[in-house]
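# Coordinates in review
Chain by chain, the residues:
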Amino acid sequence: MGFNFSEEKRRVKANNREYNEKFQYANNRIQTSKYNVLTFLPINLFEQFKRVANAYFVFLLILQLIPDVSSLSWFATIVPLALVLTITAAKDATDDYFRHKSDNQVNNRQAEVLIDGKLQNEKWMNVRAGDIIKLENDQFVVADLLLLSSSEPHGLCYIETAELDGETNLKVRQALPVTSELGDDITRLAEFDGEVECEPPNGKLNRYAGVLSWDVNKYCLNNEMLLLRGCMLRNTEWCFGMVIFAGPDTKLMQNSGKTELKRTSIDRLMNTLVLWIFGLLVFMGIILAIGNSIWEHQIGIHFRIYLSWSAVVKSPIFSGFLTFWSYVIILNSVVPISLYVSVEVIRLGHSYFVNWDNKMYYSKENTPAEVRTTTLSEELGQIEYVFSDKTGTLTQNIMTFNKCSINGKVYGEVGQKTLIDEKKTPVDFSFNRLADRKFHFYDHSLVESITMGDPEVHEFFRLLSLCHTVMSEEKTPDELIYQAQSPDEGALVTAARNFGFIFKSRTPKTITVEEMGKVVTYQLLAILDFNNTRKRMSVIVRNPNGQIRLYSKGADTILYERLHPSSKSLKSLTSDHLAEFAGEGLRTLVLAYKNVDEEQFQEWLEVYQKASSMQENRDELLTLAYESIERDLKLLGATAIEDKLQEGVSETIERLSLANIKIWVLTGDKQETAMNIGYSCNMLTDAMDEIFIVEGHTKAEVCEELRKAKDLILGLSKDISDGHAYDEKLQEPTQNLEETVASDYALVINGHSLAYALEADLENEFVEAACACKTVICCRVTPLQKAQVVELVKKHKKAITLAIGDGANDIGMIKSAHIGVGISGQEGSQAILNSDYSFAQFRYLQRLLLVHGRWSYFRMCKFLCYFFYKNVAFTLVHFWFGFFCGFSAQTVYDQWFITLFNIVYTSLPVLAMGLFDQDVDEQSCLRFPKLYEPGQLNLLFNKRRFFICIAHGIYTSVVLFFIPYGALYDAVGEDGNHIANYQSFAVTVATSLIIVVSVQIALDTSYWTGINHFFIWGSIAVYFAILFAMHSDGIFYLFPNHFPFVGNAWNSLAQINVWLIILLTTVASVAPVIAFRFLKVDLNPTLSDQVQILNRAQKKQSPLPIQIHQTHRASSRRSAYAFSHQEGFGELITSGKNMRVNNIHSVFGIGKTMQNSWIENLRKRTSECEIQLRKNSKTINH
């Protein structure tokens, strides 16, 4: 059977490479690089010649090789062209080398593969479909594997999928019972010859369907049995898996997208401008060619006696034809190759400025900012949309127990009437040998309440230590490790542990807790599991005294409905505390409990067991059973967990929003989690007019929700517009909907709804509604959907986009966006390896865009405007001269001046401006984010600005030619001799040109450095030095054919008339520019002008601090309980499938009371704290 590129079904046989090779499945080698040794030259040259300019220069080179056409040497074109191609190729090769290096690092990792009945070390790239792989704890999964067996009971294993979906909580996978019996028996595994028939490779991370055929039986396979490449094995000693998909066929690589060459918007504009310039050259060439034919026919005929035509010229028309191509060559310097060399040098310089920026260096991890693609710098100043991952990008992915409310009293570090000194001192947990040393809490009064034996506080932490699904592992008597299924639960159980209620171990029927130094074993009677509808979980336990108690924790809105009337007053007080917690962006959770008598429990148990045994409607019946006992609860209090944002996230988002940059969050997390982070970093606020939530399960529902959102936005905007006399905006089409929106909206959409929204017939509705919103949050999205959202905005809005993330699940959008930024985080380095820029913290994004990006765009635009101006002024002098030289394609300047003008005389000043110029300093860039908007609107260099530069250049060329021509026409020197000759005219025009363009760049320079002074005035000095050297007798005697202007510089520049002509030409060229700019700044100043004026006024004062107004919201309560929690984990625990046999029996030997040294130490330290408090109080009173 041959290989079919449109693979419809995959068949893989275990331990049979010969059979599997018939299908020619891909091996496990990955390739993110674009080239290899053989393909580099043709592909790179092909990509470079996509630039119209490069193809244009090759065409000119061919023309210059024709003697009857060219009046310039072919060296003038081939050397710069080869230099440009070589520099660009070297840079592309360097970038690709690092991609090869990272690929090789991954491909050469070692894996244990079962070959010929033995486990052998094999490189990852040599792994094939059908191979059986052994993985050990904390190892990355080699390829997409079907789990066969593991060290855990019932073939379970635990994986971390951070590289795929950004979630660090553990997920459970389970092998088929029939294969889990294989264990780690190498002989039986080597004999395993099962055949898997499944779906072809695809990028759907949450779906897999297949069938395993083995020993005449067939077994259904699903996603819960698959270990995906990029995951890491956790809390599992070993496991064996069969390779189903390898290398590029794995779901990780299917979601990675293609590596494409990124070009900036200015690059694309330049391609268009080069075509226009070529059109202008053809137009001018045609005019001059027609002029040549007419001149040769009417006037030139009289000169042919002693100036005959060359052999190939037969008629005036053919002479005009050859003249046309000659002028195309002469006038081509409007776009010299040096332009592209300079652009690459400037971009490289901007890249080094980012690399060298100490303010983007993260000292904690010794991580500097790094530019990985050097060709995109100016596009950083044009970003309109930022697409960000959440976990690890906006957040640190670290949950901390921050505050709590117990029996109406708030404990926590903020909002307490505690002493300043105490707030700075964390609680000392050194008396607790099992305390987590990373846990910090600053309110000492909570420890005091525990020490004094407050029953409500004890019950609060007892609930936290019992009501969860955390697994524990006590490696040593003083080392306790928790494996939490969600970081929320881990934070709560860790808090209880530090405050003296230490969860020690569990079995399917018991939970063992060390309470204030005493080991207590509770009988676990039932776990009422969490799901997205219930938004709570409960446990029913029996304490050693025989008392049955139900403990419950969950969303406030859910549990409040189930409270006993006696908790009414406490409920009101706790509600106020919850509002305060939620207002600070904390994830809130309500705790409650009830006593259950034996008779009530037995009645409920019968209902529960009956519901559990039902085959149909089991989930609904279980929910009803849970509801029947989760009522009349007694409120204990509430917890507040902080999902720690990275430092400076809120400030960065606010500053970027002020710069009119829209931020979309694309995350694999659940809706509640993402929204909570949105509130934490002020992307979502209760002050917004509306937050639209799209969660339809059908295409029709999604369409209806999107249309309602759009209609509401447009409807409200109409009302607001009517009130402010903006009726004309309503007449605009709906594609400009966001321009009419005068209110703040947010859109939140789920992954299953987004799948419909991205379809061709709904994508317009989605884009229009989403782009009209200030904030967009896409939840539960796959890596492929992230890339599709980016592509959709690029396609419909024609906006410059940036994607930022830190995991392999972000690679697709990083590659799709115009700019991809990788953050070095807790989720590996895959994002960095595929990014254009990388740094350690999200907050550095504001500096990358508002400072480096803005400066890069500003500098590049000024560079291009000046470059086109000076070259039009330089080149069009030839055009005017054509009317006075018989259209003979004679150049105004000598050939050496033409060659050196762009390479030597004017190259360094414009490079200095392109590298160092700045209109405002970095503090002003951050203080006034609105300064960023010109880049988004493309105001500084566009087609209009290009034509203005061309017009300015044409005016300067007219002045440069006609003033010297008219002044020298009948001029005589001081000795009475006539000084009007071709060579004197050429020197006068050339000198005027150098001085005019030097004065012009001095006027254009906003920020002077020693380098600018040296390059500008130094270039003028170099011009005169080379001029006198080339017009000297010595060089004429050595090369008489190449330097014919012997002695002309001394003769011409010795005349006072010539210097007066140069002065008049300079004044006439720059005076209108000075007048226009003065009036413009005075009458219609830009924001940049206003900031410069403000800075000059404040120059003698101390600089203002950079401040961003922080909005503190009064938010509605949001419970964030177990947003990462996976349904069904409680049932897994009570079934005992995840328990080791020796662990189940070991806990029954624990029953003796430990010594009370723990509690004594605690009381002793509390007494010391009380004494210190009294001392501090006396000091403050005095």
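Criteria and cut-off values
- Residues numbered from 1 in each chain as written.
- Predicted model: local features only at pLDDT ≥ 70, side-chain atom pairs only at ≥ 80, totals over all residues.
- Heavy atoms only, no water.
- UniProt positions renumbered as here; feature names shortened; annotations may be inferred.
- Pairing = 2+ DSSP bridges.
- Helix = DSSP H or I, 4+ residues; strand = E, 2+ residues; numbered from the N terminus.
- Contact = heavy atoms within 4.5 Å.
- Axes fitted to C-alpha atoms, helices over the stretch in contact; angles between N-to-C directions.
- Core = buried A, V, L, I, M, F, W, Y, C linked by side-chain atoms within 4.5 Å.
- Buried < 20%, exposed > 50% of the residue type's maximum accessible area, 1.4 Å probe, protein only.
- Patch = residues over 30% accessible without salt bridge, like charges linked within 9 Å, V, L, I, M, F, W, Y side chains within 5 Å.
- Areas by Shrake-Rupley, 256 points an atom, 1.4 Å probe, with all protein chains shown as cover.
- Salt bridge = Lys/Arg side-chain N within 4 Å of Asp/Glu carboxyl O.
- Lys, Arg positive; Asp, Glu negative; His and termini not counted.
- Charge placed at Lys NZ, Arg CZ, Asp CG, Glu CD.
- Polar contact = N/O pair within 3.5 Å; in protein donor to acceptor, adjacent residues only side chain to side chain.
- Phe/Tyr/Trp six-rings, centres within 6.5 Å; stacked < 30°, edge-to-face > 60°.
- Nonpolar A, V, L, I, M, F, W, Y, C, P; charged D, E, K, R; others polar.

Taking an unreviewed UniProt entry as the reference, the protein is identified by name as Phospholipid-transporting ATPase belonging to Podarcis lilfordi. Per UniProt, the protein has the following entry under Sequence similarities (unreviewed entry): "Belongs to the cation transport ATPase (P-type) (TC 3.A.3) family. Type IV subfamily." The UniProt entry for the protein carries the following text under Catalytic activity (unreviewed entry): "ATP + H2O + phospholipidSide 1 = ADP + phosphate + phospholipidSide 2."

### Description of the sheet that holds strand β15 (residues 383-388)
Spatially, nine strands are ordered β14-β33-β32-β31-β15-β27-β30-β29-β28 in an open sheet, and the strand pairing comes out mixed. Of all the strands in the sheet, just β14 (370-371) and β28 (690-694) have a single pairing partner and so form its edges. The pairing of strand β32 (residues 819-823) with strand β33 (residues 837-839) spans three bridges and is classified as parallel. Within β33, the residue paired with I823 across the bridge is F839. Its contacts with the sheet put helix α25 (residues 763-771) on β15, β27 (662-666), β29 (745-750) and β30 (775-779), and the angle it makes with β27 is roughly 125 degrees.

### Considering the nonpolar core
Ranked by internal contacts, the top residues of the largest apolar core, which has 94 residues, are L339, L864, Y893 and F897. Take this core: its biggest share by element is 18 residues, from helix α29 (residues 844-882). Look past the residues within four positions of L864 in its chain and what remains in contact with it is I266, M270, L339, V343 and F941.

### Thoughts on the pairing of strand β3 (residues 118-123)
By the bridge criterion, six bridges tie strand β2 (residues 110-115) to β3 in an arrangement that is antiparallel. Bridging from a neighbouring strand, A111 pairs with E122 of β3. Two successive antiparallel strands, β2 and β3, enclose a turn made up of two residues, where D116 displays a positive phi of approximately 55 degrees.

### Here's the deal with the environment of V274
Examined against the element boundaries, V274 turns out to sit in helix α9 (residues 265-298). Residue V274 is classed as buried on the basis of its relative accessible area of 4%. Through-space distance from the C-alpha of V274 to that of V334 is 9.4 Å; in sequence the pair is 60 residues apart. Those residues in contact with V274 that sit more than four places away from it in its chain are V52, A53, V335 and Y340.

### Concerning a negative patch on the surface
Together, D184, D185, E191 and E237 make up a region of like negative charge exposed at the surface. By secondary structure assignment, the location of D185 is in the loop between α6 (177-180) and α7 (186-191). Overall, D185 belongs to the partly exposed group, its relative accessible area being 32%.

### Here we look at the UniProt feature "binding site: Mg(2+)" (unreviewed entry) in the protein
In this structure's numbering, the residues bearing the UniProt feature "binding site: Mg(2+)" (unreviewed entry) are D389, T391, D806 and D810. Locating D389 in the fold gives a position in the loop between β15 and β16 (395-406). Given a relative accessible area of 1%, D389 falls into the buried group. In contact with D389, not counting residues within four places along its chain, are L394, L666, T667, K786, I804, G805, D806, N809, D810 and M813. One polar contact links D389 to K786, side chain to side chain, over a distance of 3.4 Å.

### Some thoughts on the sheet that holds strand β13 (residues 238-245)
The strand order across the open sheet built from six strands is β3-β2-β4-β13-β5-β11, with neighbouring strands paired in antiparallel fashion. Pairing within the sheet leaves two strands with one partner each, and these edge strands are β3 and β11 (226-227). Looking at chain direction, strand β5 (residues 144-150) and β11 are connected through two bridges and run antiparallel. Note on β11: the bridge partner recorded for L145 is L227.

### Points about the packing of aromatic side chains
Following the criterion strictly, the structure yields 70 aromatic pairs and no others. Ring geometry for Y385 against W664: centres 5.9 Å apart, planes inclined by 85 degrees, an arrangement best described as edge-to-face. Residue Y385 is located in strand β15, and its partner W664 is located in strand β27; the two are separated by 279 residues in the primary sequence. A single burial state applies to Y385 and to W664, both of which are buried. The interplanar angle of 50 degrees and the centroid separation of 5.9 Å between the aromatic rings of F1014 and F1015 together place this pair among those described as tilted. Among the aromatic residues, ring-to-ring pairing joins F879, W880, F881, F883, F884, F887, F961, F962, Y965, Y969, Y982 and F985 into one connected group.

### Quick notes on the packing of helix α3 (residues 52-64) against α9
Taken N-terminus to C-terminus, the directions of α3 and α9 make an angle of 35 degrees; their axes are 8 Å apart at the nearest point. Between α3, through V52, A53, Y56 and F59, and α9, the contact on the second element is made entirely by N271, V274, L275, F278 and L281. Among the residues forming the contact of α3 with α9, the class breakdown is eight nonpolar, one polar and no charged.

### A word on the environment of N27
Among the structural elements, N27 can be located in the loop between α1 (17-20) and α2 (40-48). Distance from N27 to N126, taken between C-alpha atoms, is 6.5 Å for residues 99 residues apart in sequence. Aside from chain neighbours lying at most four places away, what touches N27 is M125, V127, R128, A246, G247 and P248. At a separation of 3.1 Å, a polar atom in the side chain of N27 contacts the main-chain amide nitrogen of R29.

### Some points on unusual backbone geometry
In the Ramachandran plot, K535 falls in the positive-phi region, its phi being about 55 degrees despite a non-glycine side chain. Tracing the backbone through its elements, the reader meets K535 in the loop between β22 (518-528) and β23 (536-542). Here N682, not a glycine, exhibits a phi torsion of approximately 65 degrees, which is positive. Considering the arrangement of structural elements, one finds N682 in the loop between α21 (671-680) and β28.

### A few points about a nonpolar patch on the surface
There is a patch of nonpolar side chains on the surface, built from I1056, W1059, L1060, L1063 and V1067 and spanning about 460 Å² of accessible area. With respect to the helices and strands, the residue L1060 is situated in helix α39 (residues 1056-1083).

### Some thoughts on the side chain of Q918
Looking at where Q918 falls in the secondary structure, it is placed in the loop between α31 (907-916) and α32 (922-927). With a relative accessible area of 11%, Q918 lands in the buried category. When residues no more than four places from it in sequence are discounted, the contact partners of Q918 are W855, F858, R859, S1006 and Y1007.

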